[in-house]
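Listed here are the chains, written in short residue letters.
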Amino acid sequence: MAQQGVQLDRERFCCPICLDLLKDPVTTSCGHSYCMNCIKSFWDEEDEKKIHSCPQCRQTFIPKPVLMKNTMLADLVEELKKTGLPAALADLCYAGPEDVACHFCTGRKLKALKSCLVCVASYCEKHLQPHFELPVFEKHKLVDPSKKLQENICSHHDEVMKMFCRTDQQCICYLCSVDEHKGHDTVSAAAERTERQRELEVSRQNIQQRIQDREKDVKELQREVEAINRSADKVVKDSEKIFTQLIRLMEKRSSDVKQQVRSQQETEVSRVKELQEKMEQEITELKRKDAEMKKLSHTEDHTQFLHNYPSLSALSESTSSINIRPLRYFEDVTAAVSELRDKLQDVLREKWTNVSLTVTEVDVLLPQPEPKTRAGFLQYSCQITLDPNTAHTQLLLSQGNRKVTVMSQKQSYSSHPDRFTTCYQVLSRESLTGRCYWEVEWRGGIVRVAVAYKNINRTRSLNECGFGHNDKSWALRCDNNSYNFWYNNVKTPFSGPQSSRVGVYLDHSAGILSFYSVSETMTLLHRVQTTFTQPLHAGLWLSYEVTAEVCKLN
């Protein structure tokens, strides 16, 4: 009771505005007390009306009263603070809008400490004591304060729902189990909770494991972000350096051409001017002699004419006549530079495609799964043509450079550094990056369907240039009876359905190369998982009397 008295006294000494213990209490002429700052703030808002009122009884004051601290009331408040609960702690004990309030407190309710599922009520510390002291409450179930206690009451029978119907998957009361849920699979709510608790723990373990996995993935992705940024920054820096070198090289060549042209210009102008001077001297001499001859021709003395004629009639040797070539001068240099420009543009255009594809195919995340059907593979079909500049001289290309046949006679190919000279091989014109799919149909003896780097050797021994006999090419060897896979001169035999058509699937960024037997269905023959460091080219290696064709895929 003493505790309750303190609480009642405390309520009397609370400010009606802030609901806290009075601070610097003042009392209006109507007898109500407030914190000095609270009433001043309230009246400040009424200044425009020129009329001030009491927040409780609404008595008006004209003019605004001058308030003085109520020292007696202030002393009583200080005494209450010493004998009662500290103000801040007391405030924490009262229930706010978001708190669960004690059902049994009168006046300003305290926060509930526990809720009872049997009583369907919530209790503060004081009103909860009987649950700990009286035997009648011994089996009551106390839980953390809850505003949803009413949800535990059956809406039909107004009874606590202590059972669970597994048939209908809902909580029920005892009367429900013998009424509308009669014959259903029912258990106590506690038993169902125990089972669901086990499932919950398993789910939590799974969630926690997933959290750990995802946290690990996030860290891995962060490392990937840092690696991507480092790699991109390095490539940009290196590329700028390379392009700067190319620009400087072009500027150097431009300067060389300019210097050579100017030097040749000076030489040719000097030669022409020297010849010009000689001819001008000859003209002067000839004009002088012509004047003397004219004078001699008018001489009337025959003896004098005959005496002087021999010396005037003899002409000095003339400068050889000039033969000027057609007026092109240095235009041929312009044509040669233009030809160089066109060739460089062709090289840049071809190589830039590789650079651009290489950039766009940077793919850190896991690749798309390999297709399961031929229709799925055809989404990645690519147009492939064979490059005549790489074909062995005994290979005949036809059908728009998609078909190749081994011939007994050499073909009239021009000399080219990319041509294979040891094996009957040919590479595609197109470089392959990203995801690609193509099919090869063949007949005859033996064919190797391959992919290779462009820098594979073309002229040396079998192990250096043959598809599958080095670390620059991967090849599927097909004949009418068996399949073998070759890489780095290692043979891997395997079995599979015989077919005259082979499908090749390449996921360059994922390092996947798969070979399929294609008929009415597709059967995986062999799959390679590796890391490709350069763009690839499709390749074919044929034995005698073999024809192979890269199929058109619609």
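Keep in mind the model is a prediction, meaning the values are calculated, not measured.

**Quick word on the overall build of the chain**
Next, step 1: For the chain, the count of helices and strands is 11 helices and 23 strands.
Next, step 2: Expected size for 554 residues packed as a compact globule is a radius of gyration near 24 Å; at 53 Å, the chain overshoots this value by more than 25%.
Next, step 3: Taking the principal axes of its C-alpha atoms as reference, the chain extends roughly 175 × 90 × 35 Å.
Next, step 4: Residues classed as buried in the chain amount to 29% of the 554 residues present.
Next, step 5: The contacts in the chain between residues at least 6 apart in sequence include a share of 54% that link residues at least 24 apart.
Next, step 6: For the chain, the exposed area adds up to about 37,000 Å²; of that, 53% sits on carbon and sulfur atoms.
Next, step 7: Of the side-chain charges in the chain, 74 are positive and 74 negative, and the distance between the mean point of each set is 3 Å.

**A short note on the side chain of R458**
Next, step 1: Relative to the helices and strands, R458 is located in the loop between β15 (447-453) and α11 (462-465).
Next, step 2: D418 is the oppositely charged side chain nearest to the buried, salt-bridge-free R458, at an N-O distance of 4.3 Å.
Next, step 3: From its side chain, R458 meets the backbone oxygen of I456 in a polar contact 3.0 Å long.

**A word on the confidence of the model for the chain**
Next, step 1: When the pLDDT values of the chain are averaged, the result is 86; 91% of them are 70 or greater.
Next, step 2: The least confident element of the chain is helix α1 (residues 2-12), whose mean pLDDT is 51; the most confident is strand β13 (residues 425-427), at 97.
Next, step 3: Long-range and interchain partners of residues 1-8, a stretch whose pLDDT sits below 50, account for seven contacts in this model, where long-range means more than four residues apart.
Next, step 4: Here residues 85-89 is a poorly scored stretch, pLDDT under 50, and it has six contacts once near neighbours within four places are set aside; other chains count.

**Looking at the nonpolar core**
Next, step 1: Grouped together as the largest cluster of nonpolar side chains are 39 residues, with contacts concentrated most on V404, W438, W474, L513 and L540.
Next, step 2: If sequence neighbours within four positions are ignored, W474 has contacts with V449, A450, V451, Y453, F485, W486, Y487, L513, V528, T530, F532 and L536.

**Structural notes on unusual backbone geometry**
Next, step 1: Residues other than glycine seldom take positive phi values, yet D24 does so here, at roughly 50°.
Next, step 2: Locating D24 in the fold gives a position in the loop between α1 and β1 (25-27).
Next, step 3: The partly exposed category is assigned to D24, whose relative accessible area is 41%.
Next, step 4: Phi is positive for N401, which is not a glycine, with a value near 60°.
Next, step 5: By secondary structure assignment, the location of N401 is in the loop between β11 (395-398) and β12 (403-406).
Next, step 6: With relative accessibility at 22%, the residue N401 sits in the partly exposed group.

**What to know about a nonpolar patch on the surface**
Next, step 1: Side chains of I242, F243, L246, I247, L249, W352, V355 and V359 sit close together on the surface and give an oily, nonpolar patch of about 770 Å² of accessible area.
Next, step 2: Those elements giving two or more residues to the nonpolar patch turn out to be α7 (189-297) and α9 (331-360).
Next, step 3: Broken down by element, the residue count for the nonpolar patch peaks at five residues, all from α7.
Next, step 4: The topology assignment puts L246 in helix α7.

Each value, and the rule that gives it
- Residues numbered from 1 in each chain as written.
- Predicted model: local features only at pLDDT ≥ 70, side-chain atom pairs only at ≥ 80, totals over all residues.
- Heavy atoms only, no water.
- Helix = DSSP H or I, 4+ residues; strand = E, 2+ residues; numbered from the N terminus.
- Rg over C-alpha atoms; globule rule 2.2 N^0.38 Å.
- Buried < 20%, exposed > 50% of the residue type's maximum accessible area, 1.4 Å probe, protein only.
- Contact = heavy atoms within 4.5 Å.
- Areas by Shrake-Rupley, 256 points an atom, 1.4 Å probe, with all protein chains shown as cover.
- Lys, Arg positive; Asp, Glu negative; His and termini not counted.
- Charge placed at Lys NZ, Arg CZ, Asp CG, Glu CD.
- Salt bridge = Lys/Arg side-chain N within 4 Å of Asp/Glu carboxyl O.
- Polar contact = N/O pair within 3.5 Å; in protein donor to acceptor, adjacent residues only side chain to side chain.
- pLDDT = per-residue confidence, 0-100.
- Core = buried A, V, L, I, M, F, W, Y, C linked by side-chain atoms within 4.5 Å.
- Patch = residues over 30% accessible without salt bridge, like charges linked within 9 Å, V, L, I, M, F, W, Y side chains within 5 Å.

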